[in-house]
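# A structural walkthrough
Here is what each chain is made of, one letter per residue.
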Amino acid sequence: MTGGSSALDAGAAGGLSEVPPGPPPESRLANALAASHVGDRAYTVVTTAFAAFVPLLLILIGVAIIVAAWPAISTFGLGFITSSEWDVRAGKFGAAPALFGTIVSSIIALALATPFALGSAIFLSEFAPNWLKQPVGFLVDLLAAIPSVVYGLWGIFVLVPLLREHVMPFFRDTLHLGSTPFFSGPAYGPSMLAAGVLLAVMVLPYISAVSREVLRAVPRAQREAALALGATKWEMIRDAVIPAAKSGIVGGIILGLGRALGETMAVTMVIGNRPEISASLLAPGYSMASLIANEFSEATNDMHVAALMAVGALLFLITIVVNAIARWLVWSVSMKGEK
Amino acid sequence: MKHWKLVAAAALLAACSSEGSNATSDSANPGSSAGSNATLTGAGATFPYPIYSKWFSDYATETGVKINYQSIGSGGGIRQVQEQTVDFGATDAPMTNEEMAKAKGGAVLHFPTVLGADVITYNLPGLTSRLRLTGPVLADIFLGRVTKWNAPAIAALNPGVNLPNTDILVVHRSDGSGTTYIFTSYLTAVSPAWRAGPGAGKEVAWPVGLGGKGNEGVAGQVKQTPGSIGYVELAYAKQNGLAYALMQNAAGQFVEPTLASITAAAGAIADTLTDNSDYRVSIINPNGASAYPISSMTWLLVYENQTDAAKGRALVDFLRWAYEKGQPAASALDYAPLPDKMRAKLVTRLSSIKLPAGA
Amino acid sequence: MSKSPGFFSAESNRKRRAAANGVMVTLTYVAAAVATLPLIFILFHLIKLGATSINPDFFIRMPQPVGEAGGGMANAIVGTLILISIAAAMGLPIGIGAGLYLADRKGSRLANVVRFLSDVMNGLPSIVMGIFAWELLVVPIGHFSALAGGVALGAMMIPLVTRTTEEMIATVPNTLREAALALGYQKWRTSLGVVLRTAMPGIVTGALVAVARVAGETAPLLFTAFGNHFWSTSLDKPIAALPLQIFTYAISPYDEWHSLAWAGALVLIAMVLVISIAARYVTRSRYGVAAD
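Please read these numbers as outputs of a predicted model, since none were measured by experiment.

This part covers the overall build of chain B. A tally of regular secondary structure across chain B gives 14 helices and 12 strands. Within the span of chain B, comprising 359 residues, buried residues form 53% of the whole. Sequence-distant contacts, at least 24 apart, represent 74% of the contacts inside chain B between residues at least 6 apart.

Here you go:
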């Protein structure tokens, strides 16, 4: 330790005078000298290996699933995504109903959650008195900590009966929407609507948390300038704060979308498990994740397993793309904010 | 503070792994005393789950052999057996020749355990008497052709009953199910429209309805949903206080599913079975004035050639116990015991399970 | 000047804007109130329907056959503890190591890739992890096992722990690192002995939060750990788990099982909440700093 340290001192001390924020700049000399020590080298190797493990794991997951799905992909090709026939006996597999269900339930979830998530985020960042900020923010964030199966449990015994006995008859009969395709058919209870509402509760905290962060990142100067020009509080938010935070908010919404797309247990317990495309919100449906969860342990022939793996591969790809977009949007806002 | 957490976690892990090597059996050494610590894993039908659950619990108390059974549906049981990821399977739909050919461990033997019935359960709180249905009308309900409870077809069968003017909410299975196989085999037998359409199978393309997972899922849905109708094994309807319908059998009689009527359905079978029958027989829609038309045997699936001496021994012993001592528990749970003659033949048949040396 | 203001006059304009302001501000209050409702609703039902089944039996006894009362979830509780131990054994070292790398080499290309992919992986559906673990650990071995379940959960923990570790380390002032280096510490000693140690409370919190998150996961366990009605602690056999058991009981028709499901959910939530509250408490001061 004594031998190398004086050189290290020199290297470190030499760099200290111009230290910008961030880890200390490592001059090549200091780097080389440091790395030459066994301990440092071992440390670097181990941490780099562990870090490299992350992308490797992701690639491994993707490869394993796609390889297992290959028999189905090669047999059905793109028709897999467009065909609505999921007939195990006949060996015909089409993921369209599950894909439809996943997308529609997620869109319902976003449509319901976004106003409340954004509203509460604005409330927390602009209006809430300090003593209220922590508890309310905490309560909203806690929604994200509840396990999916508990949401499903609550969904089965509280939400679905509520929908079946009060909400659905209200839309179908009281508002006479029963004749429109969106509210047609019997009110089973477990349905696309039930899944959408439950998902809305589940994604609300994500949209809210991200929105809060990006709203907070808007510089105070923006707000003060707007107010100085005579804007009301609401106008300030609408014209000065939100536009600056816009891409971050959109990123948060897309993050919520990513969560909704992949939710399994809660959706399985309330969506009705029916592989069919229907325009009615009251009709039971299916989602990709639920399809896999329900049928995987009992797929009796290899093509069935491959088809389920193909659904898994589809889900994997879609969620990666959506999450990547969300990540990029949110990241670009926070980077802008930092500059 | 952080240190004691780590220590506690390490201690927990150590405790668990040492407990693991003691508590669960070492079924890998043959010659250990007749499976007194053996554990078996099985999976399959939800149809017989109430009776199997009772049997496994009683058997564990009596002999110490633990049988872990997951009721994931007949389809799942068959697959697990084919893949040899379990020690035995359970199904209410006999394996097809194709399925048997895919079994990785060779020939699979079907051992019937009890007789049960698919009952048509419904949730109509206002009804004071049992609903009466015929096969063709039932098929029309599940085809989506009859959509309201007070439809003429149903009202005609139930004169004087106050049927509500509400939608019929159909519930079926979402998983690969022997119960579905029994039900759709019946519909295929009695309804040309059903035969031409979805047909019989463990999974079919259901024209209408909600999917429930397992007999439990369907019973749960029907219980929660007023106006719903579904098909479940008798024990599930009884255990949950669900009403079930009287079905018209081939002789034209409206029959209630009871021990007697289920046994009557199997009545002729025992005599016709040859000694080398593989027992993959159907008792659906038989002749017989008092027979319930949607009855079935349920089977345990075991490989003819057992590779693990202790487990093979444990399986044979359990089956013998089920045949000799388990039948009274079956009646208590409304599963009809197998006819005596059949049971005797099955006990003899147990010797066709080939155990490796040392068992 | 006329008494009643014209439609486009400054005064009515101001009134209109003030009214709009009032409406919108009220709406945000309403939105916040509504956003807190579901949690209260869910906790209320959990306590109402689950508290009655929480008795010592619940924690000590095993599940009974259907129709017999008095069962418990002892095996599921222990099973969950074993599974999260396996997951932590796998996820924590890799996650903390990767987090260290990200904090050390902030701008390097690998770091950017890892950071991006970690965030993406955090959003991956847990069922995808389940089928991945099935493919890799159940099919070759030939049967379900606690190990497969633990690995599926561990894979989920890695990106979570990586990011929280990196963020916690970033809060350690650079002067600390520089001082250590200036005193002659080697890089690895600085990172591990000084920086990591300082950030430890936050890292432990992040680890606990990740553990709480995977403890509640069901989907990855459906075809890996599989579930077990009997007491089993072996890594090589199927094992019970609290969320799995809750799922099985919830979709069943038996009322006793429903009560057990609510009780199990209450226990699970209590565990998760306690950890989340502890996490909030520990990082509260950091929140305050970042919040300006």
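What follows continues from the structure just given.
Here we come to the overall build of chain A. Across its full length, chain A carries 13 helices and 2 strands. In chain A, 73% of the contacts between residues at least 6 apart in sequence involve partners at least 24 apart.

Attention now goes to the pairing of strand β2 (residues 66-71) of chain B. Note on strand geometry: in a regular strand, side chains alternate between the two faces of the sheet. Residue and element names in this part refer to chain B. Most of β2 is tucked away, with 6 of its 6 residues classed as buried. Relative to β2, strand β1 (residues 39-44) runs parallel, the two sharing 6 bridges. Across the sheet, residue A43 finds its bridge partner in β2, namely Q70.

Take the nonpolar core next. Of all hydrophobic cores here, the largest spans 304 residues; its most connected members are A:L198, A:V270, A:M309 and A:V311. Broken down by element, this core gets its largest block of residues, 18 residues, from helix α8 (residues 192-217) of chain A. Residues from two domains meet in this core; each of domain 1 (10-53) and domain 2 (57-291) of chain C gives at least three. In contact with A:M309, not counting residues within four places along its chain, are A:I65, A:A68, A:A69, A:A72 and C:I131.

Here we come to the sheet that holds strand β11 (residues 254-255) of chain B. Taken together, the 3 strands give an open sheet; going across it, the order is β5-β10-β11 (chain B), and neighbouring strands pair in mixed fashion. Looking at the sheet topology across the chains shown, the edges are occupied by β5 (132-133) and β11 of chain B.

The subject of this paragraph is the interface of chain C and chain B. Facing the 27 residues of chain C at the interface are 28 residues of chain B. For the side of chain C that touches chain B, the secondary structure elements donating two or more residues are α3 (74-104) and α8 (187-215) of chain C. It is α3(C) that provides the largest number of residues to the side of chain C that touches chain B, a total of 3 residues. Classifying every residue of the side of chain C that touches chain B gives 15 nonpolar, 11 polar and 1 charged.

Right, let's talk about the interface of chain C and chain A for a bit. At the junction of the two partners, chain C supplies 81 residues and chain A supplies 84 residues. The biggest single contributor to the side of chain C that touches chain A is helix α1 (residues 10-50) of chain C, with 18 residues. Tallied by class, residues from the side of chain C that touches chain A come to 54 nonpolar, 16 polar and 11 charged.

Another point: the confidence of the model for chain A. Across chain A, the average pLDDT comes to 84, with 86% of residues at or above 70. Across residues 1-20 of chain A, where pLDDT falls below 50, the model places 28 contacts with residues more than four positions away in sequence or in other chains.

This paragraph deals with unusual backbone geometry. Residue and element names in this part refer to chain B. Its identity is not glycine, yet Q84 carries a phi of approximately 60°, on the positive side. One non-glycine residue, D334, lies in positive phi territory at about 70°. Among the secondary structure elements, D334 is positioned in the loop between α13 (327-332) and α14 (340-349). Classification of D334 by C-beta neighbours within 10 Å gives buried; the count is 23.

Below, the discussion takes up the pairing of strand β8 (residues 228-233) of chain B. Residues and elements named next belong to chain B. Burial analysis of β8 places 6 of its 6 residues in the buried class, which makes it a mostly covered element. Burial along β8 is two-sided: S228, G230 and V232 facing one way and I229, Y231 and E233 facing the other are all buried. Pairing between strand β6 (residues 169-173) and β8: 2 bridges, direction parallel. Across the sheet, the residue bridging to V170 is I229, located in β8.

Let us now look at the environment of C:L222. Position of C:L222 among the secondary structure elements: in the loop between α8 and α9 (242-250). Exposure remark for C:L222: the 29 C-beta atoms within 10 Å place this residue in the buried category. Taking the C-alpha atoms as reference points, C:L222 and C:I86, 136 residues apart in sequence, are found 17 Å from one another. Filtering out sequence-adjacent residues up to four positions away, C:L222 remains in contact with A:A293, A:S297 and C:G130.

Now for the environment of B:K325. Note on placement: B:K325 falls in the loop between α12 (309-324) and α13. In this structure the C-alpha to C-alpha distance between B:K325 and B:W55, which are 270 residues apart in sequence, comes to 9.7 Å.

Let us look at the packing of helix α4 (residues 109-122) of chain C against helix α6 (residues 146-170) of chain C. Residues and elements named next belong to chain C. Across the interface, α4 lies against α6 with an axial gap of 8 Å and an inter-helix angle of 130°. It follows that α4 is oblique to α6 by the angle criterion. Between α4 and α6 the crossing geometry is left-handed. Touching S118, D119, M121 and N122 of α4 are P159, L160, T162 and R163, all from α6. Among the residues forming the contact of α4 with α6, the class breakdown is 3 nonpolar, 3 polar and 2 charged.

Below, the discussion takes up the confidence of the model for chain B. All names here are of chain B. On average, residues of chain B carry a pLDDT of 84, and 89% of them reach 70 or more. Across residues 1-35 the pLDDT falls below 50, and counting only partners more than four positions away or on other chains, this stretch makes 40 contacts in the model. The ipTM, which scores confidence in the relative placement of chains, is 0.86 for this predicted complex, and the corresponding pTM is 0.83.

Quick look at the packing of helix α5 (residues 96-127) of chain A against helix α10 (residues 233-262) of chain A now. Helix-helix packing is characterised by the crossing angle of the two axes and by the distance between the axes. Residue and element names in this part refer to chain A. For the pair α5 and α10, interaxial distance at closest approach is 9 Å and the crossing angle is 145°. Of the two possible hands of crossing, α5 and α10 adopt the one that is right-handed. Here α5 contributes T102, S106, A109, L110, A113, T114, L118, I122 and E126 to the contact with α10, which in turn contributes K233, I237, I249, I253, G256, L257, A260 and L261.

All right, on to the environment of A:L153 then. Position of A:L153 relative to the elements: it lies in helix α7 (residues 148-174). A:L153 gets classed as buried once you count the C-beta atoms within 10 Å, which come to 29. Residues A:L153 and A:M269, 116 residues apart in the sequence, show an inter-C-alpha distance of 7.5 Å. Excluding residues within four positions of it along the chain, A:L153 makes contact with C:I246, C:A250, C:A261, C:W262 and C:A265.

Cut-offs used in this document
Think of each chain on its own: its residues are numbered from 1, step by step along the sequence as written. Here chains are named by letter from A upward and ligands by number from 1 upward, in the order in which they appear as written. Note on the predicted model: pLDDT of at least 70 is required for a residue's local features to be given, and 80 or more for side-chain atom pairs to be given and counted; whole-chain, interface and lining totals, by contrast, use all residues. What counts as a helix is a DSSP run of H or I of at least four residues, what counts as a strand is a run of E of at least two, and both are numbered from the N terminus. Residue burial is a threshold on neighbouring C-beta atoms within 10 Å of the residue's own C-beta, all placed from the backbone, with 20 or more meaning buried, 12 or fewer meaning exposed, and counts in between meaning partly exposed. Any residue pair is listed as a contact if its two C-beta atoms, each placed from the backbone, are within 7 Å. Here the rule is simple: two strands pair whenever DSSP picks up at least two bridges between them. Each nonpolar core comprises buried Ala, Val, Leu, Ile, Met, Phe, Trp, Tyr and Cys residues, the members being joined through C-beta atoms within 7 Å. Throughout the structure description, domain borders are defined by an automatic or database domain assignment. Asp, Glu, Lys and Arg are counted as charged, while Ala, Val, Leu, Ile, Met, Phe, Trp, Tyr, Cys and Pro are counted as nonpolar; the rest, among them Gly, fall into the polar class. As a per-residue measure, pLDDT reflects the predictor's confidence and takes values from 0 up to 100. The convention used is that axes are lines fitted to C-alpha atoms, helices contributing only their stretch in contact, and that angles between N-to-C directions extend from 0 to 180 degrees. In this scheme, roughly parallel covers angles under 35 degrees and roughly antiparallel covers those over 145, while 65 to 115 is roughly perpendicular and the rest are oblique. For a crossing to be left-handed, the near helix must be turned anticlockwise from the far one by less than a right angle; the clockwise case is right-handed.

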